[in-house]
Amino acid sequence: MSDNVTGRLWGVGLGPGDPELVTVKAARLIGEADVIAFHSARHGRSIARSVAAPYLRDGQIEEALIYPLTTETTDHPGGYQGAIDDFYADCALRLAAHLDAGRDVVVLCEGDPLFYGSYMHMHKRLSHRYVTEVVPGVTSVSGAAAVLGRPLVERDETLTVLPGTLPAEVLAERVAATDSVAILKLGRTFTKVRDALAQAGRLDEAWYVERATTGGQRLAPLAEVDPDGVPYFSLALIPSPVNAARPAPAEEAEPAPPAVGSGEVVVVGLGPAGRPWLTPEAQDALAAADELIGYGPYLDRVPPNPRQRRHPTDNRVEAERAAHALELAAAGSRVAVVSSGDPGVFAMASAVLEVACEPRFADVPVRVLPGLTAAHAVASRAGAPLGHDYCVLSLSDLLKPWEVVAGRITAAAKADLVLAIYNPASKSRTWQVAAARDLLLEHRAPETPVVIGRDVGGAGESMTVTTLAELDPAMVDMRCLLLVGSSTTRLVERGDGGRVVFTPRRYPA
């Protein structure tokens, strides 16, 4: 029962006939409604109700809206149209009685309610008086194209939908002037429609589709169909002229050969953590790849796809990893080399490009797709500590001597740059954080803000704000990134109880 004073009217599209093509919303509303209304001919069998049957529940009120006539003659003073108009008016009164009593009413309709649908007659008579919503459904035209396996329209083509009840000359004229055509309401109009297609010179392109998506489905070239017994629930379809030959059945199709020589390497930045930090461009490259290569824990962040081959490696074989990717691409594969954060920041982009510059890989295309850096992710959690000039450096001395690292720390400190410090510590490197802190204190005030971001975006995320003098190396491991402020970086307690770290964009005069 509706909470409103009056009930709500729903026009619910059921799709072309397969109950599994009923939308989730339509199925829910059918199950919830107080009253289910459906049209049928005088034999009482309703196609709409049969499609909705899996979603009906016990105890619902059913209103069978039975047409007084279909194609037969009538003695109604207004003729056929007068009899039908009176029928719709009576149906509207019956549904209005339920709505006025506060009962929600679902009117079932094959296909889409407002696409040659029987529901629209109730809509015109009731929607201005009651809260009304229409739930669209898959049209018979879409269903026919799907079972035929042919596009309706491509590129800049036009699709024309026609009722078979139009005069033959009108049908022929419109069929000749368009690309794709769907002609509905065949039944007794079939012969006229076939003749109109022939007159337009397009009979050989036309397909006959009967009861699409149902157990009684039938497909045939329209020219071969016997007019006797063609039902109302059938249509003629001329699909897109592009690639007009009908595809071979799946069992006859031959797999396409691999596109040898069309491979490439894409170095993809995954960002600092999961999918929310991944750019759409990176997502597209990962989805299109044939082969995925990367450090195992980073590769684990990419959802598995059985179509793709995965090549996890250790973290210290960057050159070998790059060469493997380039070899696969040279053989025709689309290869994604994954990298945490941004691949151009202490990551795989430079390693891949270095190997790609060898003569043997000169013709292999290489692209680099940026990712959100760890420095920017940590900065965003703290506020805006990178709001002015800053320096990015790594404390690791595995690929460069500590003397070089120390000289750069001192230079950045003297230049009063904010520092984003990658690779601050590991199990085998435990002393560099303290050494860097001491170097910085030679040129920075003890109260300089320091941000320690760990596993930002991940399950173990933590943020610590301290000062340079109080920086405890024991708090820092390989999963951390440090941001060390400049002389202008501020740590401010705000009224909401939070703290922000930011570096003003204006530098003191």
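These notes cover the structure that comes with them.

## Things to note about the sheet that holds strand β22 (residues 490-493)
Whenever strands of a sheet pair, they do so through backbone hydrogen bonds, lying parallel or antiparallel. Read across the sheet, three strands follow the order β16-β23-β22 without closing on themselves; strand pairing throughout is mixed. Of all the strands in the sheet, just β16 (383-384) and β22 have a single pairing partner and so form its edges. When β16 meets strand β23 (residues 499-502), the two strands line up parallel, connected through two bridges. For G383, the partnering residue across the bridge sits in β23 and is V501.

## Re the pattern of salt bridges
For the coordinates displayed, the defined rule picks out 21 salt bridges. Measuring nitrogen to oxygen at the nearest pair gives 3.0 Å for the salt bridge that ties E210 to R211. Take E210: its relative accessible area is 10%, and that puts it in the buried class. Taking relative accessible area as the criterion, R211 reaches 37% and is therefore assigned partly exposed. Counted as one network, the salt bridges with shared partners bring together E63, D90 and R94.

## Considerations on the nonpolar core
Residues L395 and I409 are the most contacted members of the largest nonpolar core, which totals 24 residues. A per-element tally of this core places helix α13 (residues 402-414) first, with six residues. Here I409 is in contact with L393, L395, W402, A436, L439 and L440, once residues within four sequence places are set aside.

## Quick word on the sheet that holds strand β15 (residues 366-369)
Sheet architecture is open: five strands sit in the order β13-β12-β14-β11-β15, paired in parallel fashion. The outermost strands of the open sheet, each flanked by one partner alone, are β13 (309-313) and β15. This sheet shows a mean twist of 20° between the axes of neighbouring strands, independent of strand direction. Of the strand pairs in this sheet, strand β12 (residues 291-295) and β13 are connected by five bridges, and their pairing is parallel. For G294, the partnering residue across the bridge sits in β13 and is P312. Helix α10 (residues 318-330) contacts β11 (264-269), β12, β13, β14 (334-339) and β15 of the sheet and is inclined by roughly 175° relative to β12. Where helix α11 (residues 348-356) meets the sheet, its contacts fall on β11, β14 and β15, and the angle it forms with β15 comes to roughly 170°.

## Side note on the environment of R367
Among the secondary structure elements, R367 is positioned in strand β15. It is 36 Å that separates the C-alpha atoms of R367 and G149, two residues lying 218 residues apart in sequence.

## A few points about the packing of aromatic side chains
For any pair of aromatic rings, the description rests on two quantities: the centre-to-centre distance and the angle between the ring planes. A complete count under the given rule lists nine aromatic pairs for this structure. Judged by centre distance (6.4 Å) and plane angle (85°), the rings of Y67 and Y88 are edge-to-face. Here Y67, found in the loop between β3 (61-66) and α3 (79-100), pairs with Y88, found in helix α3; they are 21 residues apart in sequence, far enough to count as distant. Judged by relative accessible area, which is 7%, Y88 ranks as buried. For the pair F346 and Y422, a centre-to-centre distance of 5.2 Å together with 55° between the ring planes defines the contact as tilted. Of the two residues, F346 sits in the loop between β14 and α11 while Y422 sits in strand β18 (residues 418-422), which places them 76 residues apart along the sequence. Assessed through its relative accessible area of 44%, F346 is described here as partly exposed. Note on Y422: relative accessible area 12%, which makes it buried. Grouping aromatic residues by their ring pairs yields a cluster made of Y67, F87 and Y88.

## Some remarks on helix α14 (residues 432-441)
When we look at burial in α14, the residues that qualify are Q432, V433, A436, R437, L439 and L440. Angularly, the buried residues of α14 cover 165° about the axis, an arc narrow enough to put them on a single face. Along its buried surface, α14 packs onto α13, β18 and β21 (480-484).

## Looking at the environment of G143
Residue position: G143 is located in helix α5 (residues 140-148). Residue classification places G143 among the buried residues on the basis of a relative accessible area of 3%. The contact partners of G143, leaving out residues within four places of it in the chain, are P16, V138, A212 and T213.

## Some remarks on the side chain of S46
Along the chain, S46 falls in the loop between β2 (35-40) and α2 (47-52). On the accessibility criterion, S46 (10% relative accessible area) is buried. A distance of 3.0 Å separates a polar atom in the side chain of S46 from the backbone nitrogen of R49. If sequence neighbours within four positions are ignored, S46 has contacts with F38, H39 and S40.

## Describing the pairing of β21
With five of five residues buried, β21 is to be regarded as a mostly interior element. The side-chain alternation of β21 yields two buried faces, one formed by C480, L482 and V484 and the other by L481 and L483. Strand direction decides the pairing type here: β18 and β21, joined by three bridges, are antiparallel. Looking at β21, one finds that I421 is bridged to L482. As judged from the five bridges shared by strand β19 (residues 449-454) and β21, these two strands associate in the antiparallel manner. For V451, the partnering residue across the bridge sits in β21 and is L483.

## Comments concerning a nonpolar patch on the surface
Judged by side-chain polarity, I47, Y232 and F233 come together as a nonpolar surface patch covering roughly 290 Å² of accessible area. Along the chain, the position of F233 falls in the loop between β9 (218-221) and β10 (234-238). Its relative accessible area of 38% is what places F233 among the partly exposed residues.

## Comments concerning unusual backbone geometry
Peptide bonds are trans in most cases, and residues, glycine excluded, mostly fall at negative phi. Even without glycine at this site, R155 takes up a positive phi of about 50°. Along the chain, R155 turns up in the loop between α5 and β6 (159-163). On the accessibility criterion, R155 (75% relative accessible area) is exposed. Unlike most non-glycine residues, N423 shows phi in positive territory, near 45°. Of note, N423 is situated in the loop between β18 and α14. The partly exposed category is assigned to N423, whose relative accessible area is 22%.

Calculation notes
- Residues numbered from 1 in each chain as written.
- Predicted model: local features only at pLDDT ≥ 70, side-chain atom pairs only at ≥ 80, totals over all residues.
- Heavy atoms only, no water.
- Pairing = 2+ DSSP bridges.
- Helix = DSSP H or I, 4+ residues; strand = E, 2+ residues; numbered from the N terminus.
- Salt bridge = Lys/Arg side-chain N within 4 Å of Asp/Glu carboxyl O.
- Buried < 20%, exposed > 50% of the residue type's maximum accessible area, 1.4 Å probe, protein only.
- Core = buried A, V, L, I, M, F, W, Y, C linked by side-chain atoms within 4.5 Å.
- Contact = heavy atoms within 4.5 Å.
- Axes fitted to C-alpha atoms, helices over the stretch in contact; angles between N-to-C directions.
- Phe/Tyr/Trp six-rings, centres within 6.5 Å; stacked < 30°, edge-to-face > 60°.
- Arc of directions from axis to C-beta.
- Polar contact = N/O pair within 3.5 Å; in protein donor to acceptor, adjacent residues only side chain to side chain.
- Patch = residues over 30% accessible without salt bridge, like charges linked within 9 Å, V, L, I, M, F, W, Y side chains within 5 Å.
- Areas by Shrake-Rupley, 256 points an atom, 1.4 Å probe, with all protein chains shown as cover.

By themselves, these are just geometric observations and shouldn't be taken as functional.
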